[in-house]
Amino acid sequence: MSGRVGNVSRTRYEQLVAEARELVAQVARAQFALGDKAVEIEPMRPVGGSVAKSTEELFTVEESLQIFADDIGVALATVLDWRWTASRWPAGKRKAGVSFTVHKILASIPDEAERWVAIADAPFNSRSGKRQWTTDGAKRLVGQQVDRPVTVEEKVRAVKDLTRDDEVAVQVTASLLSRPETAAAMPAAERVRVVQELTRDDEVATSVTSELLQRPRVARRAMRDDDTRFTVNRAQFDNSEETREKIRDRVPAVRKIEHTLEYLDLVGSCHQYVATLGRLVPRMRDQEFTDDERETIRRAVAKVRGAADWLEAAIDTGQFTLDEQLAQLLKGD
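Let me sum up the structure you'll find in this document. Here, residues in each chain are numbered from 1, in the same order as that chain's written sequence. In keeping with the model being predicted, local features are shown solely for residues with a pLDDT of at least 70 and side-chain atom pairs are shown and tallied solely at 80 or more, while totals for entire chains, interfaces and linings include all residues. To get the side-chain values, take all heavy atoms of the structure and skip hydrogens and water.

Here's the deal with the environment of Ala96
Here a helix means four or more residues in a row that DSSP labels H or I, a strand means two or more in a row labelled E, and each is numbered from the N terminus. Assignment of secondary structure puts Ala96 in the loop between α3 (76–88) and α4 (100–106). For the pair Ala96 and Arg29, spaced 67 residues apart in sequence, the C-alpha to C-alpha distance is 9.1 Å.

Next comes the structure, spelled out in structure tokens:
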């Protein structure tokens, strides 16, 4: 242990502490005495209670104590603290050597018997190595926020209290999330939840997604999911269609060219399909097919038939939307 505390020797420090304790005791006695006087002026009443009416004008509790506070030169809030604390600690229950502040903190214990027992059982102070009351020890007992957090729970509570302001919370969150070791210590599910919360804004989500998909390993694993792959493919199609639509609007002749090309592609596909069947079917003579092979071909034919019906209906009606049932048929294995 260091031989000095601040600018004084350890011996002188102990002398000063002893003198200060006596002064604190004197202050506590004075505060309790002042509180007793405030209680005498305005006794504590049950919630919702009132004083009896008389022919004389009566002051409210606050008015009476405000007059008292003004006459002795202190704030009304101070008088109210003295009065309440004194009312919670009758003269015979006040603990010598314990500050008025600790008495005030412990006064919040609702049950009287529990309150008397609590103040007689001072907690252990690891710094001094003995059992003694401190304001943090008292706050810790009654569940109030301590001034110097020690446990993880106390530190978390202190951080929550300090980050109630949104601007402060934003800066603290950004600082914490920029520490790799902090993020790595979080469970995977919690990290996912944090990312989801932070990417609710479409602009942010777009930027994050773009950056993530530039990581080959991430992109490969993401594309293994059928729903993700379908969504990405759909987005690519939509983007391409949007680009083509802009070109069509700027260059009207493009629509006619596209119509011609798509018409030729469509007719060519039909001719190619027929020609392929014309080439393959005759070659299947004398071949035997298993039940599974026949069933597979039937399913493929059903898809072809459904697609052909869709094409014919689209040409006749002008409705080119792919309905859900046909989509499932064409998507199936």
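Some remarks on unusual backbone geometry
Leaving glycine aside, a negative phi is the common case for residues, and trans is the common case for peptide bonds. Positive phi is not limited to glycine here, since Asp286 has a value of about 70°. Inspection of the secondary structure assignment puts Asp286 in the loop between α14 (253–280) and α15 (291–317). Judged by relative accessible area, Asp286 falls into the exposed class, the value being 76%. Residue burial is assigned from relative accessible area. The probe radius is 1.4 Å, only protein chains are included, and a residue is buried under 20% of its type maximum, exposed over 50%, and partly exposed in between.

Considerations on a positive patch on the surface
Here, patches come from residues exposed beyond 30% relative accessible area and free of salt bridges, joined within 9 Å for like charges and within 5 Å for nonpolar side chains (Val, Leu, Ile, Met, Phe, Trp, Tyr). All accessibility values rest on the Shrake-Rupley procedure with a 1.4 Å probe; residue burial counts only the protein chains present in the view. A carboxyl oxygen of Asp or Glu within 4 Å of a side-chain nitrogen of Lys or Arg is what we treat as a salt bridge. Lys and Arg are tallied as positive, Asp and Glu as negative. Neither His nor the chain termini are counted. Think of each charge as sitting on NZ of Lys, CZ of Arg, CG of Asp or CD of Glu. A cluster of basic residues, Arg21, Arg127, Lys130 and Arg148, forms a positive patch at the surface. Mapped onto the secondary structure, Arg148 falls in the loop between α6 (135–142) and α7 (152–162).

Considerations on a nonpolar patch on the surface
A surface patch of nonpolar side chains, about 400 Å² in accessible area, is lined by Tyr273, Val274, Leu277, Val281 and Val304. By secondary structure assignment, the location of Val281 is in the loop between α14 and α15.

Some words on the packing of helix α2 (residues 61–72) against α3
Contact geometry of α2 with α3 gives a least axis separation of 9 Å together with a crossing angle of 110°. Comparing the axis directions of α2 and α3 gives the class roughly perpendicular. Where α2 approaches α3, its residues Val61, Glu62, Leu65, Gln66, Phe68, Ala69 and Ile72 are matched on the opposing element by Leu76, Val79, Leu80, Trp82 and Arg83. Considering only residue class, the contact of α2 with α3 consists of nine nonpolar, one polar and two charged. Only the stretch in contact is used when fitting a helix axis, every axis being a line fitted to C-alpha atoms; angles between N-to-C directions are given from 0 to 180 degrees. Small angles under 35 degrees read as roughly parallel and large ones over 145 as roughly antiparallel, with 65 to 115 read as roughly perpendicular and the rest as oblique. Throughout, a contact is declared for two residues whenever any of their heavy atoms are within 4.5 Å. Under the convention adopted here, Pro, Cys and the residues Ala, Val, Leu, Ile, Met, Phe, Trp and Tyr are nonpolar, Asp, Glu, Lys and Arg are charged, and Gly plus all remaining residues are polar.

A look at the pattern of salt bridges
Within this structure, the stated rule accounts for ten salt bridges. Where Glu42 meets Arg45, a salt bridge forms, and the shortest distance between an N and an O atom there is 3.0 Å. Exposure remark for Glu42: the relative accessible area of 5% places this residue in the buried category. A salt bridge links Arg131 to Asp121; the shortest N-O distance between them is 2.8 Å. With Arg131 in strand β4 (residues 130–131) and Asp121 in the loop between α5 (112–120) and β3 (124–125), this pair connects stretches of sequence that are ten residues apart.

Some thoughts on the packing of aromatic side chains
Between two aromatic rings, the relevant description is the distance of the centres plus the angle of the planes. In this analysis, rings of Phe, Tyr and Trp, with Trp reduced to its six-membered ring, are considered paired at centre separations within 6.5 Å, and the interplanar angle assigns stacked below 30 degrees, edge-to-face beyond 60, and tilted for intermediate values. Considering all chains together, one arrives at two aromatic pairs under this definition. A ring pair is formed by Phe32 and Phe100, whose centres lie 4.9 Å apart and whose planes are at 70°; its orientation type is edge-to-face. Of the two residues, Phe32 sits in helix α1 (residues 10–41) while Phe100 sits in helix α4, which places them 68 residues apart along the sequence. By the burial criterion, Phe32 is buried, and Phe100 matches it. Ring geometry for Trp89 and Trp116: centres 5.4 Å apart, planes at 55°, overall tilted. Of this pair, Trp89 sits in the loop between α3 and α4 while Trp116 sits in helix α5, and the two are 27 residues apart along the sequence. Its relative accessible area of 0% is what places Trp89 among the buried residues. Note on criteria: charge over ring means Lys NZ or Arg CZ within 6 Å of the ring centre, with the direction from the centre no more than 35 degrees off the ring normal. Cation over ring: Arg115 sits above Trp116, and NZ or CZ is 5.3 Å from the ring centre.

These figures come from the coordinates and say nothing about function on their own.
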